[in-house]
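So you can see what is in the structure, the chains are spelled out below.
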Amino acid sequence: MSTSPVAGLVLDNIRAGYGETVVLDGVSLTLPGKSTLALLGRNGVGKTTLLATVMGHTTLHGGRIELDGRDIARAAPYRRCRLGLGWVPQEREIFRSLTVDENLAVAERAGTGGAPRWSPARVYELFPVLADRRRHYGIQLSGGEQQMLAIGRALMSNPSVILMDEPLEGLAPVIVDAVLAGIERLRREDEAAILLVEQHARLALGVAERAMVLDRGKVVYEGDSRALLREPERLSALMGVEGRAIASTL
Ligand SMILES: Nc1ncnc2c1ncn2[C@@H]1O[C@H](COP(=O)(O)OP(=O)(O)OP(=O)(O)O)[C@@H](O)[C@H]1O
Ligand SMILES: [Mg+2]
């Protein structure tokens with residue numbers, strides 16, 4: 001009897017880093033199709049390295065990476081994108097000398113699952129602010145608009161799994177709300193599985209059903225987001241934040 005491939009992303013016992021330097025040491029995670037996982041942890045514990053490893057931008061020393069049941073551990077980054085991975089990098093990395101329209105057009109690519117699901121019009125519907133800026137150059141956009149464009153660009157490749165690296169970082173509260181509303185909508189509409197790296201732990205735990213905390217390249221928590229929200233002391237201990245600082249920091 002044949003079994004259908006498991007939708008989503010599976011990392012099994014990953015060892016990865018930069019050249020000989022190992023940053024991630026035995027990391028495993030499962031992100032079932034259309035689910036949402038918050039990936040938390042202090043600065044420098046390896047969150048970006050984990051996303052970069054999924055995309056194929058680090059040195060993989062061992063372990064298995066599967067996307068929708070397919071082994072992608074040795075695939076080139078552009079292949080991983082074609083196979084259904086969308087990446088929203090921490091530095092956003094939009095094209096500054098192209099307009100919003102052009103940034104989205106460059107990213108347009110049919111997904112693997114038949115008809116393309118995303119178009120610039122649909123991105124503009126998700127983030128109406130971008131529609132007003134469509135003829136503006138990347139360099140003219142605010143941080144929040146750049147972030148929305150980075151998310152929109154990732155969506156244009158019709159991903160089944162989308163990796164977001166601190167999408168709320170450095171944004172004013174009102175812009176945080178707009179970006180978060182877009183992410184919430186993607187989740188509600190089962191658009192793709194989402195791996196959400198965030199320093200704003202409470203916001204991320206509010207969006208994602210499951211959470212994982214990294215510390216120095218190892219998984220120190222994996223479980224239900226709501227359970228972690230109900231245990232602020234545990235959360236602050238896992239995040240390495242002193243008890244009294246938690247309310248303002250998280
Ligand atoms: N290109 C690189 N070459 C060598 N080492 C790197 C490189 N990028 C990151 N590192 C190291 O890998 C470790 C993990 O860094 P990483 O950027 O993954 O952390 P992070 O959890 O994303 O931190 P932050 O919250 O600050 O974004 C750190 O010790 C960092 O110095
Ligand atoms: Mg990072």
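The structure reproduced in this document is the subject of the present report.

Criteria and cut-off values
- Residues numbered from 1 in each chain as written.
- Chains lettered and ligands numbered in written order.
- Predicted model: local features only at pLDDT ≥ 70, side-chain atom pairs only at ≥ 80, totals over all residues.
- Buried ≥ 20, exposed ≤ 12 C-beta atoms within 10 Å, placed from the backbone.
- Helix = DSSP H or I, 4+ residues; strand = E, 2+ residues; numbered from the N terminus.
- Arc of directions from axis to C-beta.
- Contact = placed C-beta atoms within 7 Å.
- Near = placed C-beta within 6 Å.
- Nonpolar A, V, L, I, M, F, W, Y, C, P; charged D, E, K, R; others polar.
- Pairing = 2+ DSSP bridges.
- Axes fitted to C-alpha atoms, helices over the stretch in contact; angles between N-to-C directions.

## Notes on helix α3 (residues 100-107)
Argument step 1. The set of residues buried in α3 consists of V100, N103, L104 and A107. The buried residues of α3 occupy an angular sector of 95° when the element is viewed end-on, so they sit on one face.
Argument step 2. Each element contacted by the buried residues of α3 is listed here: α4 (120-126), α5 (128-132) and α6 (143-155).

## Observations regarding helix α1 (residues 47-55)
Argument step 1. Among the nine residues in α1, nine count as buried, and that is most of the element.
Argument step 2. Listing the buried residues of α1 in full gives K47, T48, T49, L50, L51, A52, T53, V54 and M55.
Argument step 3. G56 sits one or two positions beyond α1 and adopts a positive phi of about 90°.

## Structural notes on the site of ligand 1
Argument step 1. Around ligand 1 lies a shell formed by Y18, T21, V23, G41, N43, G44, V45, G46, K47, T48, T49 and Q90.
Argument step 2. Mapped by element, the contributors of at least two residues to the shell around ligand 1 are β2 (21-32) and α1.
Argument step 3. The element best represented in the shell around ligand 1 is α1, accounting for three residues.
Argument step 4. Looking at side-chain class alone, the shell around ligand 1 contains three nonpolar, eight polar and one charged residues.

## Quick notes on the pairing of strand β8 (residues 193-197)
Argument step 1. With five of its five residues buried, β8 lies for the most part within the structure.
Argument step 2. By the alternation rule, side chains of β8 split into A193, L195 and V197 and I194 and L196, which are all buried.
Argument step 3. Two elements, strand β3 (residues 36-40) and β8, share four bridges in a ladder whose sense is parallel. Of the residues in β8, the one forming a bridge with L39 is V197.
Argument step 4. The pairing of strand β7 (residues 161-165) with β8 spans five bridges and is classified as parallel.

## Comments concerning the environment of L163
Argument step 1. With respect to the element layout, L163 can be found in strand β7.
Argument step 2. What makes L163 buried here is the crowd of 25 C-beta atoms within 10 Å.
Argument step 3. The sequence separation of L163 and P89 amounts to 74 residues, and the corresponding C-alpha distance is 8.1 Å.
Argument step 4. Ignoring anything within four residues of it in the chain, the contact list for L163 reads L51, V54, L85, G86, W87, V88 and L195.

## A look at the sheet that holds strand β6 (residues 85-88)
Argument step 1. Pairing is mixed across the open sheet formed by six strands, whose spatial order is β6-β7-β8-β3-β9-β10. Unpaired on one side and paired on the other, β6 and β10 (218-224) mark the two borders of the sheet. Strand-to-strand twist in this sheet, taken as the mean axis angle between neighbours without regard to direction, amounts to 15°.
Argument step 2. Pairing of strand β9 (residues 210-215) with β10, which is carried by six bridges, proceeds in the antiparallel orientation. Bridge pairing in β10 places A211 opposite G223.
Argument step 3. Against the sheet, α6 contacts β6 and β7, and its axis sits at roughly 170° relative to β6.

## Thoughts on unusual backbone geometry
Argument step 1. Residue K34 is not a glycine yet carries a positive backbone phi of 65°.
Argument step 2. Among the secondary structure elements, K34 is positioned in the loop between β2 and β3.
Argument step 3. Exposure remark for K34: the 17 C-beta atoms within 10 Å place this residue in the partly exposed category.
Argument step 4. A positive phi angle is found at N158, which is not glycine, with a value near 55°.

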